[in-house]
Amino acid sequence: MSDDTKLLTDQQFKTLKLYCKIDQDFDDDVLNELIESAASEISHAISATKKPSDYISDHRFFVALMKYVEEDYYYRGNGSEVMRFPLQNTTINNVIHQLRSEEVDSDETNTHD
């Protein structure tokens, strides 16, 4: 992925790495793939017609993305032999539902005016 197609700004990427407690650079390629995948999954859960870039400036989306990426990063490669708590669904699902309802509210406002 080229620098001009990155979803996150350099500052957002740095913030995400701090949130995940990652202080090295050798996994940055893996981390970028996890970011792109998680962002796509979250944005498509909100709306099939929107892209992650439509939501990335929303702090709720960014926090949900950080939580999702942290989970994927630290539990990659672990199988069923490891006790794993469910993904922090409460926060992520709440963000998805909030943004989805705002999409619906926006569509209703636009079609009835």
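As a reminder, the structure under discussion sits directly above these lines.
What you see is a predicted model, and the numbers here were worked out from it, not measured in a lab.

1. A look at the overall build of the protein chain
Then, in step 1: Within the protein chain one finds four helices and zero strands.
Then, in step 2: Listing the helices and strands of the protein chain from first to last along the sequence gives α-α-α-α.
Then, in step 3: For the protein chain, buried positions account for 35% of its 113 residues.
Then, in step 4: A sequence separation of at least 24 residues applies to 63% of the contacts in the protein chain between residues at least 6 apart.

2. Some words on the nonpolar core
Then, in step 1: Leu8, Leu16, Leu31, Ile35, Phe61, Leu65 and Val69 are the most contacted members of the largest nonpolar core, which totals 27 residues.
Then, in step 2: If we skip the residues at most four places from it in the chain, Leu65 touches Leu8, Ile35, Ala38, Ala39, Ile42 and Ile56.

3. Observations regarding the packing of helix 1 (residues 10–19) against helix 2 (residues 28–46)
In helix packing, the relevant descriptors are the interaxial angle and the interaxial distance, both defined with respect to the helix axes.
Then, in step 1: Where helix 1 contacts helix 2, the two axes come as close as 12 Å, and the packing angle between them is 100°. One finds that helix 1 runs roughly perpendicular with respect to helix 2. Here helix 1 contributes Phe13, Leu16 and Lys17 to the contact with helix 2, which in turn contributes Asp28, Leu31, Asn32 and Ile35.
Then, in step 2: Tallied by class, residues from the contact of helix 1 with helix 2 come to four nonpolar, one polar and two charged.

4. A few points about the pattern of salt bridges
Two side chains bearing opposite charge may form a pair once their charged atoms approach each other closely.
Then, in step 1: Counting across every chain of the model gives five salt bridges.
Then, in step 2: Lys17 is paired through a salt bridge with Asp25; the nearest N and O atoms lie 2.9 Å apart.
Then, in step 3: Judged by its relative accessible area of 57%, Asp25 is exposed.
Then, in step 4: Ionic pairing is found between Glu103 and Lys50, a salt bridge with its closest N-O pair at 3.8 Å. In this pair, Glu103 is assigned in helix 4 (residues 89–112) and Lys50 in the loop between helix 2 and helix 3 (59–74), connecting sequence segments 53 residues apart.
Then, in step 5: One salt-bridge network, held together by shared partners, links Lys17, Asp25 and Asp28.

Parameters at a glance
Residues numbered from 1 in each chain as written. Predicted model: local features only at pLDDT ≥ 70, side-chain atom pairs only at ≥ 80, totals over all residues. Heavy atoms only, no water. Helix = DSSP H or I, 4+ residues; strand = E, 2+ residues; numbered from the N terminus. Buried < 20%, exposed > 50% of the residue type's maximum accessible area, 1.4 Å probe, protein only. Contact = heavy atoms within 4.5 Å. Core = buried A, V, L, I, M, F, W, Y, C linked by side-chain atoms within 4.5 Å. Axes fitted to C-alpha atoms, helices over the stretch in contact; angles between N-to-C directions. Parallel < 35°, antiparallel > 145°, perpendicular 65-115°, else oblique. Nonpolar A, V, L, I, M, F, W, Y, C, P; charged D, E, K, R; others polar. Salt bridge = Lys/Arg side-chain N within 4 Å of Asp/Glu carboxyl O.

Geometry only, nothing functional implied.
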